[in-house]
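Chain by chain, the residues run as shown.
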Amino acid sequence: NLYAKSNRWGDVRWLRQLMMEKGIKKEPGCSLIEMNGTIHEFVAGDRSHPMSEEIYSKLDMLLMDLKNDGYVPDVTEVFVQVTEEEKQKVLYWHSEKLAVAFALLVSESSVTIRIVKNLRMCLDCQNAIKLITKLYMREIVVRDRTRFHHFRHGLCSCKDYW
């Protein structure tokens, strides 16, 4: 990520190749959510969930609502050499956004959405979830690798500490 942030794409390719040769793998980001006694796991861009079609449809509507309220995807933490539009798509399908879309589909509006994430939440997801809590009048708690984030009324308990 340091090389990518510095636009040193040759070094990124070299390091990724070295990691492959040594059998080192990056841990994929995933989000877990329990609904009605069942744990559901989401991985960025994954479509293996039985409700995948409905989840992605809800996510599309959710993103449209966010954009109408001023949301602009923050691609500063997308470290791949692709177009800005492709970077936005990468962000749209992050695991925590999929988990939130699923929860909005299957839970009552009075239920707090609770998500556990294995990695640190990215800045874009932080901003999107803050806005979701404001637009949908929901509370969302995300436990990421670093801390608990309690989102309510468009704010986060971490006070955007990064």
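Residues numbered from 1 in each chain as written. Predicted model: local features only at pLDDT ≥ 70, side-chain atom pairs only at ≥ 80, totals over all residues. Heavy atoms only, no water.

- The name an unreviewed UniProt entry gives the protein is DYW domain-containing protein, with Aegilops tauschii subsp. strangulata as the organism.

## Quick word on a nonpolar patch on the surface
No. 1: On the surface, Leu 32, Ile 39 and Val 116 cluster together into a nonpolar patch covering about 260 Å² of accessible area.
No. 2: As for its placement among the helices and strands, Val 116 is situated in strand E3 (residues 113–117).
No. 3: Taking the relative accessible area as the measure of exposure, Val 116 reaches 44% and is therefore partly exposed. (Patch = residues over 30% accessible without salt bridge, like charges linked within 9 Å, V, L, I, M, F, W, Y side chains within 5 Å. Areas by Shrake-Rupley, 256 points an atom, 1.4 Å probe, with all protein chains shown as cover. Salt bridge = Lys/Arg side-chain N within 4 Å of Asp/Glu carboxyl O. Helix = DSSP H or I, 4+ residues; strand = E, 2+ residues; numbered from the N terminus. Buried < 20%, exposed > 50% of the residue type's maximum accessible area, 1.4 Å probe, protein only.)

## Considerations on the pattern of salt bridges
No. 1: Applying the stated criterion to the full structure yields seven salt bridges.
No. 2: Close ionic contact of Asp 11 with Arg 8 constitutes a salt bridge, the shortest N to O distance being 2.7 Å.
No. 3: Residue Lys 130 pairs with Asp 160 through a salt bridge whose shortest N-O separation is 2.8 Å. Of this pair, Lys 130 sits in helix H6 (residues 123–136) while Asp 160 sits in the segment after strand E6 (155–156), placing them 30 residues apart in sequence.

## Structural notes on the confidence of the model for the protein
No. 1: When the pLDDT values of the protein are averaged, the result is 89; 94% of them are 70 or greater.
No. 2: When pLDDT is averaged over each helix and strand of the protein, the minimum, 74, is found for helix H1 (residues 2–5) and the maximum, 98, for strand E4 (residues 140–143). (pLDDT = per-residue confidence, 0-100.)

## Details of the packing of helix H3 (residues 52–68) against H6
No. 1: Between H3 and H6, whose axes approach to 10 Å, the crossing angle comes to 90 degrees. Of the possible angle classes, the one that applies to H3 and H6 is roughly perpendicular. On the side of H3, the interface is formed by Lys 58, Met 61, Leu 62, Asp 65 and Leu 66, while H6 contributes Ala 128, Leu 131, Ile 132, Leu 135 and Tyr 136. (Axes fitted to C-alpha atoms, helices over the stretch in contact; angles between N-to-C directions. Parallel < 35°, antiparallel > 145°, perpendicular 65-115°, else oblique. Contact = heavy atoms within 4.5 Å.)

## Examining the environment of Asp 60
No. 1: The topology assignment puts Asp 60 in helix H3.
No. 2: In the structure, Asp 60 is positioned 41 residues away from Ala 101 in sequence and 9.1 Å away in space, judged by C-alpha atoms.

## Remarks on the pairing of strand E2 (residues 38–43)
No. 1: Pairing analysis gives six bridges linking strand E1 (residues 30–35) to E2, with the strands arranged antiparallel. Paired with Leu 32 across the two strands is Glu 41, which belongs to E2.
No. 2: In this structure, the hairpin formed by E1 and E2 is closed by a connection of two residues, where Asn 36 is found at a positive phi of approximately 55 degrees. (Pairing = 2+ DSSP bridges.)

## Considerations on the nonpolar core
No. 1: Core analysis: the biggest nonpolar cluster contains 34 residues, and Ile 33, Val 100, Ile 115 and Ile 140 have the highest contact counts within it.
No. 2: Here this core gets seven residues from one element, more than from any other, and that element is helix H5 (residues 95–106).
No. 3: Residues contacting Ile 33, with those up to four places away along its chain left out, are Thr 38, Ile 39, His 40, Phe 42, Ala 99, Phe 102, Ala 103, Ile 113, Arg 114 and Ile 115. (Core = buried A, V, L, I, M, F, W, Y, C linked by side-chain atoms within 4.5 Å.)

## Observations concerning the packing of aromatic side chains
No. 1: Following the criterion strictly, the structure yields two aromatic pairs and no others.
No. 2: Where Phe 42 meets Phe 102, the ring centres are 5.5 Å apart and the plane angle is 50 degrees; that geometry is what we call tilted. Placement of the pair is Phe 42 in strand E2 and Phe 102 in helix H5, with a sequence separation of 60 residues.
No. 3: Ring geometry for Tyr 56 versus Trp 93: centroids 6.1 Å apart, planes at 75 degrees, classification edge-to-face. Of this pair, Tyr 56 sits in helix H3 while Trp 93 is found in the loop between helix H4 (84–92) and H5, placing the two residues 37 residues apart along the sequence.
No. 4: Overall, Trp 93 belongs to the partly exposed group, its relative accessible area being 31%.
No. 5: Positioned above the aromatic ring of Trp 93 is the side chain of Arg 47, whose terminal nitrogen or guanidinium carbon lies 5.7 Å from the ring centre. (Phe/Tyr/Trp six-rings, centres within 6.5 Å; stacked < 30°, edge-to-face > 60°. Lys NZ or Arg CZ within 6 Å of the ring centre and 35° of its normal.)

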